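Below are the chains, spelled out letter by letter.
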There are 2 protein chains.
Amino acid sequence: MSSGKVLVAQGGGPTAVINQSLAGVVLEARRHHGIQRVYGARHGVRGIVNEDFWDLTQETSHNLEMVANTPSSALGSTRDKPDLKYCHEIFKVLRAHQIEHFFNIGGNDSSDTVRIISEEAAKAGYPLRCIHIPKTIDNDLVSNDHTPGFPSAARFVAQAFAGANLDNASLPGVYVGVVMGRHAGFLTAAAALGKKFPDDGPHLIYLPERVFSIERFLSDVKAVYERHGRCVIAVSEGIHDESGTPMLVKLAKALEHDAHGNVQLSGSGALADLLCEEIKTQLKIKRVRGDTFGYLQRSFIGCVSDVDQREAREVGEKAVQFAMWGSRDGSVAIKRTGYYSVDYELLPLAEVAGKTRVMEDEFIAASGTDVTDAFRLYLRPLLGSGLPDAFRLRAHSVPKVLGG
Amino acid sequence: MSSGKVLVAQGGGPTAVINQSLAGVVLEARRHHGIQRVYGARHGVRGIVNEDFWDLTQETSHNLEMVANTPSSALGSTRDKPDLKYCHEIFKVLRAHQIEHFFNIGGNDSSDTVRIISEEAAKAGYPLRCIHIPKTIDNDLVSNDHTPGFPSAARFVAQAFAGANLDNASLPGVYVGVVMGRHAGFLTAAAALGKKFPDDGPHLIYLPERVFSIERFLSDVKAVYERHGRCVIAVSEGIHDESGTPMLVKLAKALEHDAHGNVQLSGSGALADLLCEEIKTQLKIKRVRGDTFGYLQRSFIGCVSDVDQREAREVGEKAVQFAMWGSRDGSVAIKRTGYYSVDYELLPLAEVAGKTRVMEDEFIAASGTDVTDAFRLYLRPLLGSGLPDAFRLRAHSVPKVLGG
């Protein structure tokens, strides 16, 4: 006999639209007559092992709609990465609460958790339907055209660089903006969509997909600065040398900044500061400024792609439909079907779980410091409607009177 | 005989709406039959001494409207602070080009430049009308209810903290957000408008108007963390000890981080990093993250207050009207006349020039780490319409089955 119980959880770093997927699951699940309870786990898998559940059947649909439009994970999240033992604990709780459908919204770690639990349930002969719902600003899930959360973060990054470029044009100098993304450069690459006029920044983009050399970096910056009298640079926090050592660690060591010599890439302005210091001391450029976009880029309220919102809602809704009308566990994936249209598929968990996608070569320019038109064509529709546009005055120079 | 020549310039740090004031000047000036040319100085006063002018009479009104909606200074800006000799150079050029009306958009340094030039013209018996048009995200011009540019930057800060609070609630820990403002805390205080629910952050706000003590800071953070299990903190880049020494300098020295021991407060993540390090080592809290909002807060494209846009346009338009129909030089000021309505006045230049407003005591809570309701009432209408709102799920706890 069916218990009619559903559990949904959110994992990993928050995004601007992860609550759309939550609302998609809850509202669609509540529509099915067989479903009697929809539980939400507080703070992801941690909340499951702690039996810390909220009954979302008792939440108003109006408030769910408002929460859907609110960034960050409304159920709370966790950085726990369950091993086999941890998954056993999760499975024990799911069984005790007679959960029959488990939806986990998250990145590749979350999909791996779903895969293990799915396998455990099968082994135990317990009837559990497990669906992974994609989410990550890093856009690093394989077999997905893109992942919910990425488009809104990309929009933030594009808008931030559009503004930083205008600021830099007004008060010329060098500007370094550090963007999240340890292994995948998609989010950093989104900076390119902030460009409009040919001499606009970002003039240089450094991705973790390419080996970073400080000598090459300095000569790139010098060349741009000599040409334009200014330089705007987008840098991924994950840039590293040929041995894979993050530049943050390497530069901090070289300069004996021990305090910065840890492996925490986000939540610190150290990489931007260290790169700025290199530019100042090596290139003797006076006005050098660095920003680290940090948490603003993933949770800023009021900078969201409507395409991202719609798709994040749909992956949640589709997850429930795959669970109800399908016959297997899996991971919901976004497939691009046109310019621009998408459809959703349910992939085998093993196809997605624990794997990391990085930027395809076709998206990175031969120079290694720019994106290709293929990338621009790929990203632009994801950014949604109403993207703000930058305009400039046209030069009509007035003849000098005093000369000089 | 009148030359009918007008010159407009933009100075200091860019804002999201400074081009509204530019468009206000140009479009209104072009409407007057006596005006034959409207020149724009490239990169502020620097462009005047270099005779680097663009003829804005040859710019389309449509493009001016588009530029008005674009952040940062479309004419370019400068950090030059003219002394008497520099002002003589400016005056020489104005005279050579037969400029009869000079409009300078900027902060208190810009108003002081206008004051000196106005005095020079009077001494020389040269008929020059000089008007200062207010602009600064710091909101530190005296005799103004507020200054154009501040509301949009404040909106960015409020939205950033609303998002950072949601992120921090999802993955609990300590979050430090560093906000611009060397002497005036208005922009940092705007973080308070990101709060909605009683336990929302920012839980602590540190302003340059109050002496900063690291011991007091750590005990404040400890108390909030013990109460809420998390803590969101807004910090002004200008915080300093009782002797006026910036905390950035003090902390960097204490930790022997020589590279950070300079007086450049903006464009570096050092203060946030140093405060995070103190919290980690002294309070033994594991998850501590810092963001420095940097240039994003003043030039982000797509986060602007419509009230700010309108007022920035009007101060430009009014400046021309004061110049055409008034009989004296001055500085345009915004006066609040109702809840919420404003009017514009022309103040004597000496009343505004070179002076710095800081937050009034009535705006700062007795604790020194929060704002008052008077400040909330003051700021809210400036943020404009369509401010995004945060919603949360209501707790309906599910009884535990396994206990624990």
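Residues numbered from 1 in each chain as written. Chains lettered and ligands numbered in written order. Predicted model: local features only at pLDDT ≥ 70, side-chain atom pairs only at ≥ 80, totals over all residues. Heavy atoms only, no water.

Asker: Could you give an account of the relation of the copies chain A and chain B, with specific residues and numbers?
Answerer: Between the two copies, chain A and chain B, the superposition gives an RMSD of 0.0 Å; the rotation angle is 180 degrees and the shift along the axis is 0.0 Å. Here the copies are linked by what is in effect a two-fold axis. Among all residues of chain A, the one whose C-alpha sits closest to the rotation axis is Gly269(A), at a distance of 2.1 Å. (Least-squares fit on C-alpha atoms with pLDDT ≥ 70 in both.)

Asker: Describe the interface of chain A and chain B, with residues and values.
Answerer: Of the residues lining the interface, 89 residues belong to chain A; the matching set on chain B comes to 89 residues. Considering only the side of chain A, the residues that lose the most area to chain B are Ile301(A), Phe391(A) and Leu393(A), jointly responsible for 11% of the buried surface there. For the pair chain A and chain B, the number of links is 4 salt bridges. Put simply, Asp167(B) and Arg298(A) hold a salt bridge, and the shortest N to O gap is 2.7 Å. (Contact = heavy atoms within 4.5 Å. Buried area = accessible area lost by both parts, 1.4 Å probe. Salt bridge = Lys/Arg side-chain N within 4 Å of Asp/Glu carboxyl O.)

Asker: Explain helix α1 (residues 18–31) of chain A residue by residue, including any values.
Answerer: Under the 1.5 Å per step criterion, the end-to-end length of α1(A) is 20 Å for 14 residues, consistent within 8% with the ideal 20 Å. If you check which residues of α1(A) are buried, you get Ile18(A), Asn19(A), Gln20(A), Ser21(A), Leu22(A), Ala23(A), Gly24(A), Val25(A), Val26(A), Glu28(A) and Ala29(A). (Helix = DSSP H or I, 4+ residues; strand = E, 2+ residues; numbered from the N terminus. Expected span 1.5 Å × (residues − 1). Buried < 20%, exposed > 50% of the residue type's maximum accessible area, 1.4 Å probe, protein only.)

Asker: Before we move on, could you go through the UniProt feature "binding site: substrate" (unreviewed entry) in chain A and cite the residues and values that matter?
Answerer: Cross-referencing UniProt, the feature "binding site: substrate" (unreviewed entry) maps to Thr136(A), Ile137(A), Asp138(A), Met180(A), Gly181(A), Arg182(A), Glu237(A), Tyr295(A), Leu296(A), Gln297(A) and Arg298(A) in the present numbering. Relative to the assigned elements, Glu237(A) resides in the loop between β8 (231–236) and α9 (247–254). Examined against the element boundaries, Tyr295(A) turns out to sit in the loop between β9 (288–292) and α11 (296–299). By relative accessible area, which is 6% here, Tyr295(A) ends up buried. Separated by 2.9 Å, the side chains of Tyr295(A) and Arg289(B) make a polar contact. (UniProt positions renumbered as here; feature names shortened; annotations may be inferred. Polar contact = N/O pair within 3.5 Å; in protein donor to acceptor, adjacent residues only side chain to side chain.)

Asker: Describe the sheet that holds strand β3 (residues 53–55) of chain A, listing the residues and the values that go with them.
Answerer: Residues and elements named next belong to chain A. Read from one edge to the other, the open sheet built from 7 strands follows the order β3-β2-β1-β4-β5-β10-β11, with strand pairing classed as mixed. Edge positions in the sheet fall to β3 and β11 (341–347), since each has one partner strand and no second. Pairs of neighbouring strands in the sheet enclose a mean axial angle of 25 degrees, with direction left out of account. Sheet topology places strand β1 (residues 5–10) next to strand β4 (residues 101–106); 5 bridges connect them, and they run parallel. The residue of β4 that forms the bridge with Val 6 is His 101. Running at roughly 40 degrees to β11, helix α12 (residues 306–325) makes contact with β4, β5 (129–134), β10 (330–338) and β11 of the sheet. (Pairing = 2+ DSSP bridges. Axes fitted to C-alpha atoms, helices over the stretch in contact; angles between N-to-C directions.)

Asker: Describe the pattern of salt bridges, with residues and values.
Answerer: Opposite charge on two side chains allows them to pair when their charged atoms are near. Residue and element names in this part refer to chain A. Counted according to the given criterion, the structure contains 46 salt bridges over all chains. Salt-bridge contacts for Glu 28 lead to Arg 31; the nearest nitrogen and oxygen are separated by 2.8 Å. Of the two residues, Glu 28 and Arg 31 are both situated in helix α1; the distance of 3 residues between them amounts to about one turn of the helix. Overall, the relative accessible area of 3% leaves Glu 28 in the buried class. Between Arg 336 and Asp 145 there is a salt bridge, with the nearest N and O atoms lying 3.0 Å from each other. Taken as a pair, Arg 336 in strand β10 and Asp 145 in the loop between β5 and α6 (150–170) lie far apart in primary sequence, 191 residues in all. Residue classification places Arg 336 among the partly exposed positions, given a relative accessible area of 25%. Exposure remark for Asp 145: the relative accessible area of 16% places this residue in the buried category. Each of Asp 112, Arg 115 and Glu 119 takes part in one network of salt bridges that share partners.

Asker: Run through the domain arrangement of chain A, naming residues and quoting values.
Answerer: Residues and elements named next belong to chain A. When cut into domains, chain A gives domain 1 (5–148 + 302–352) and domain 2 (153–300 + 361–383). Each of domain 1 and domain 2 was reduced to a C-alpha centroid, and the two centroids are 33 Å apart. Counting residues at the interface gives 22 residues for domain 1, matched by 17 residues for domain 2. Buried surface at the junction of domain 1 and domain 2, summed over both partners, amounts to about 1,700 Å²; 59% is from carbon and sulfur atoms. For the pair domain 1 and domain 2, the interface holds 0 salt bridges. Across the contact surface, domain 1 and domain 2 share 5 residue pairs in polar contact (both at pLDDT 80 or more). (Domains from an automatic or database assignment.)

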